[in-house]
Structures are given as C-alpha cells and as structure tokens.
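# Fold and geometry: a report
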Amino acid sequence: MSKLPKVTVVGAGFVGATTAQRIVEKDLADVVLIDVVEGLPQGKALDMMESAPVEGFKAKVTGTNDYAETKDSEIVVITAGLARKPGMSRDDLLLKNAEIVSGIVTECAKVSPKAVLLVVTNPLDVMTYLAWKKSGFGTKRVLGMAGELDSARYAFFISEEANCAPIEVKAMVLGGHGDQMVPVPKQTTVKGKPITEFLEPARIEAINQRTRDGGAEIVRYLKTGSAFYAPSSATVRMVRAILENRDEIIPSCVYLNGEYGLKDVYCGVPAKLGKGGVKEVVEIPLSADEKSALHASAEHVRENCAKLSV
Ligand code: TXD
C-alpha cells in the first residue's frame, strides 16, 4: 500500500471531526485527530474507521490526546477553540481562543517543524496572525481558511438566484472573516459570465449581505453551534491543493507584505496554494470601493491583533 501523507486535525468538534472524515473518505492523507477532551478524538476516529469497510477508503484516522502522535505532520489544521456563549464578549472569545491556539501552535511546531499550519479557529484572521507569530514559521507556511467558505456561500446563493448548478458559479469574497468581508461581483461569474451583466445591482447587494451574514444565518437555525459542513469542505479543498501541489488559486487568509497596499497583516485574498503552503498572493483588479472595503476589513483585523500581546 502506498504511504499517504500525514495530516493532524486539532479539535475533534464539529468542524474538526468533519474535516477528518472528508480527508480520509477522499484518501487524501492519514489523519491524527487530537483534542483536550479524553476519549473524544479516540471515539470519533474509531467510529470513522468502522465506516471504512462500507465507504471503501484506505486512509487511517487515529484519535489521541498526545501531541507526540502528531509528529512530522505535513499539514496541521487547527479547529480547536470556544464558540461565543451568552454573557461572553467578543474580546473574551478572542483572548480565550488566543490562549488555546498559542498552546496548540507551540506543541505542534515542536513535533512538526516543517508543517504547514492551516488555521480555522475564530476570530480567523487574528488567530492566523497569532499562529504565525507563535510558530516562528515563514509566512508562506501559515494561512487561514475563511475566504473559500465565504465564496462557496456566495456561489450557492447566486446559483439559487440564477437557477443553475452551484458548481457553475465561480465566486470571489475577499477581506477578513467577519461582517466587513468583501464580495467581488465583477470577479463572480455564472458559466463564465460576470453576475454584474445579468443581475440587478439591488439583487447583487442583497446576496452580498446574505453572504456577510452567512455564518449567523446557520447559527440562528442551529442555536447551539455554528456551521461545519461547508467549513470542512472549504478546509479540505485547501488541504488537497497543498498536499497535491495543485497550484490552485483559492481565496485564503494569508500574510500580506505590500500586496493590495496592505502590510504586516493577515487578510483574505486569492492565493496560489501548493506544496509548502502559499506559493503566491494573487492580485486581482478591484474598484476603488472594493479596495477601501478591503482596507477597512484589514484595519479591523489589525485592531484585534493589537489586543493580543504578540
Ligand atoms: O470560516 C471559518 N474559519 C470558520 C471557523 C467556520 C466555522 C467554524 N469556525 C470556528 O472553528 C468556530 O468559531 C470555532 O472557533 C472553531 C471550531 O468550531 P466547531 O464548531 O468545531 O466547535 P466545537 O464543536 O466546539 O469544537 C471545538 C473543539 C472541542 O472538541 C474542544 O474540546 C476542542 O475544540 N478544544 C481543544 N482541542 C485541543 N486543544 C485545546 N486546547 C482545545 N480547547 C478546546
């Protein structure tokens, strides 16, 4: 049997476990699923393995609470963290998740010094910046997942409006993963045709707003948790692009060093992903409004980063 690459998924909650499941079902890698809660990753991993005879995948998933087992991972996906609870401020979440992510990155960098870190935990852009700082890794090897999810949501809403298959839509959402994300209609097409050529501006703006509220719409339904099917799909697309050196251009949270006029901040823009993580930050033409919205979104990320002592 050929040897599969090794991917660690930290956090065996909804996003982490579903990410692990998608990776093994596609035979992309052997997965180590790790969590602080004893028994949780072990139980979920065993349950997934018991689906292998039915699903027919060959990849292995193992559950653990010990970072030694994550040694020499090619990619570490970080999904661990708290969701906001009643009475908690955003700053509480920021500080608590920063503590969790810091500890995880320190452990992972020790045992997998060559890994690519793919951050999923919220607040996404700030946690990605923190992971970069804590890891001591180069910027190309630390990135975050959000833009691909936001773009997938945008694409789905447009497919409903245009009455076409979701896969026929190519959508683009930039900026931080928050209320200030920036959908880019001119770069969003149905069967190659920009949506600006056949949808009314008011309809486009309504869909843009639904996209910005996409996460909240799911939370309103679920009440006790947030989205995980589409987030895990988006994460696994990035994992696959990196593992298979696909050079795919995927909206990703990456370090900006002058691109789009932004410096020393992590923010969502299209990036070419392949072996080693980010191969290139791709600059696409933006209108003046889109550019200033991107800057405002990045400024919000920067303000939150300043609240952390990194
Ligand atoms: O677009 C995006 N980036 C996102 C981000 C889309 C969806 C969800 N997004 C965020 O991912 C969400 O706001 C959370 O911050 C994370 C994880 O969401 P999930 O829905 O998976 O949360 P769960 O089900 O509560 O799982 C979190 C797990 C849980 O099992 C904890 O025990 C574990 O994280 N946890 C830890 N594992 C390892 N180490 C430490 N320190 C730790 N602390 C908690």
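Below you will find a few notes about this structure. Since the model is a prediction, treat every value here as computed from it, not as a measurement.

## Some words on the overall build of the protein
Along its length, the protein carries 10 helices and 14 strands. In terms of C-alpha radius of gyration, the protein reaches 19 Å, essentially the compact-globule figure of 19 Å for 310 residues. Projecting the C-alpha coordinates of the protein onto the three principal axes gives extents of approximately 55 × 45 × 40 Å. Long-range contacts, defined here as pairs at least 24 residues apart, represent 67% of the contacts in the protein between residues at least 6 apart. Summed over its atoms, the accessible surface of the protein is roughly 14400 Å², and 53% of this surface lies on carbon and sulfur atoms.

## Brief notes about the packing of aromatic side chains
Geometrically, a pair of aromatic rings is defined through the distance of the ring centres and the angle of the planes. Taken as a whole, this structure holds 8 aromatic pairs when the rule is applied. Ring geometry for Trp132 versus Tyr266: centroids 6.2 Å apart, planes at 55°, classification tilted. Here the residue Trp132 occupies a position in helix H5 (residues 124–135), and Tyr266 occupies one in strand S13 (residues 263–274), the gap between them amounting to 134 residues. Tyr266 matches Trp132 in its accessibility class, with the two residues each being buried. Sitting above the plane of the Phe14 ring, Lys44 keeps its charged end 6.0 Å from the centroid. Positioned above the aromatic ring of Phe137, the side-chain terminus of Arg141 is 4.1 Å from the ring centre.

## Quick look at helix H1 (residues 14–25)
The terminal C-alpha atoms of H1 lie 16 Å apart, and with 12 residues this matches the ideal 16 Å at 1.5 Å per residue to within 8%. All buried positions along H1 are accounted for by Val15, Gly16, Ala17, Thr18, Thr19, Ala20, Ile23 and Val24. Of the surrounding secondary structure, the elements contacted by the buried residues of H1 are strand S1 (6–10), strand S2 (30–34), helix H2 (40–49), strand S3 (61–64) and helix H9 (229–243). With its phi angle positive at about 55°, Asp27 sits one or two positions after the end of H1.

## Remarks on the site of the ligand
Neighbouring the ligand are 26 residues, the closest being Phe14, Val15, Asp35, Val120 and Met145. Here Phe14 contributes a backbone N or O atom positioned 2.9 Å from an oxygen atom of the ligand. In the environment of the ligand, a nitrogen atom lies 2.8 Å from a nitrogen or oxygen atom belonging to the backbone of Met145. Starting from 860 Å² of accessible surface for the ligand in isolation, the protein chains cover 84%. Mapped by element, the contributors of at least two residues to the shell around the ligand are H1 and helix H4 (90–111). Considering every element that reaches the shell around the ligand, the biggest residue donor is H4, with 3 residues. A class-by-class count of the residues in the shell around the ligand yields 17 nonpolar, 8 polar and 1 charged.

Procedures and definitions
- Residues numbered from 1 in each chain as written.
- Predicted model: local features only at pLDDT ≥ 70, side-chain atom pairs only at ≥ 80, totals over all residues.
- Heavy atoms only, no water.
- Helix = DSSP H or I, 4+ residues; strand = E, 2+ residues; numbered from the N terminus.
- Rg over C-alpha atoms; globule rule 2.2 N^0.38 Å.
- Contact = heavy atoms within 4.5 Å.
- Areas by Shrake-Rupley, 256 points an atom, 1.4 Å probe, with all protein chains shown as cover.
- Phe/Tyr/Trp six-rings, centres within 6.5 Å; stacked < 30°, edge-to-face > 60°.
- Buried < 20%, exposed > 50% of the residue type's maximum accessible area, 1.4 Å probe, protein only.
- Lys NZ or Arg CZ within 6 Å of the ring centre and 35° of its normal.
- Expected span 1.5 Å × (residues − 1).
- Near = heavy atom within 4 Å.
- Polar contact = N/O pair within 3.5 Å; in protein donor to acceptor, adjacent residues only side chain to side chain.
- Nonpolar A, V, L, I, M, F, W, Y, C, P; charged D, E, K, R; others polar.

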